[in-house]
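Secondary and tertiary structure notes
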Amino acid sequence: MALKSILLHPDPRLKATAAPVTDFDKTLARLADDMLETMYDAPGIGLAAPQVGVGKRLLVMDCVKEENSAPRPMVLINPEVTWVSEERNTYEEGCLSIPDQYAEVERPAEVEVSWLDLAGAQQTERFGGLWATCVQHEIDHLNGKLFIDYLKPLKRQMITRKMVKLKREKARA
């Protein structure tokens, strides 16, 4: 396994729609393992392939936060939201591609998602709470959407300016 570099906003690859995965091979499994390692190292609870420069519909997540609880790493390939609750939740979201920036985003409180696993088998699960927020956030990445796209233009521009400054400072270092 290897840590991947996480793209920082603004980067045009983060705004592109990811292509469906068609090859379920060792390369895909290795990418998923690398993404999980990168996500845990960051540390984060979700990571989409476009965030590591791979334009494929693949995401990983693990929202287990309780101490002494077993981790639950998940790999979702070609995920689709098939149902959303009418009830809404607001969470303060952050993003590994927009470090140290957080904002409240309202989303459906529960979602049902269908996806393929690493063997290409169909899976379906209903997610609530933090899991629901995370899976929606990561699926947004696959569609070229960032959490800041839900914010008012002024707040979005302010965060983007901070990110441009951060990228400039990193380039100088």
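Located above this text is the structure these notes cover.
Residues numbered from 1 in each chain as written. Predicted model: local features only at pLDDT ≥ 70, side-chain atom pairs only at ≥ 80, totals over all residues. Heavy atoms only, no water.

1. So, the pattern of salt bridges
In total, this model carries 7 salt bridges according to the counting rule given. Across the pair Arg88 and Glu106 runs a salt bridge whose closest N-O atoms are separated by 3.0 Å. Residue Arg88 is located in strand β4 (residues 88–95), and its partner Glu106 is located in strand β5 (residues 98–108); the two are separated by 18 residues in the primary sequence. Residue classification places Arg88 among the partly exposed positions, given a relative accessible area of 42%. Between Glu93 and Arg107 there is a salt bridge, with its nearest N and O atoms 2.6 Å apart. Residue Glu93 is located in strand β4, and its partner Arg107 is located in strand β5; the two are separated by 14 residues in the primary sequence. The buried category is assigned to Glu93, whose relative accessible area is 4%. (Salt bridge = Lys/Arg side-chain N within 4 Å of Asp/Glu carboxyl O. Helix = DSSP H or I, 4+ residues; strand = E, 2+ residues; numbered from the N terminus. Buried < 20%, exposed > 50% of the residue type's maximum accessible area, 1.4 Å probe, protein only.)

2. Topic: the nonpolar core
Among the nonpolar cores identified, the biggest contains 17 residues, and Leu59, Met61, Met74, Leu76, Val113, Phe127 and Val135 are the most heavily contacted of them. When contributions to this core are tallied by element, the ones reaching two or more residues are β2 (58–61), β3 (74–84), β6 (110–116) and α2 (129–142). Of all the elements, α2 adds the most residues to this core, at 6 residues. In this structure Val135 touches Leu59, Met61, Leu76, Val111, Val113 and Phe127, once residues within four positions along its chain are discounted. (Core = buried A, V, L, I, M, F, W, Y, C linked by side-chain atoms within 4.5 Å. Contact = heavy atoms within 4.5 Å.)

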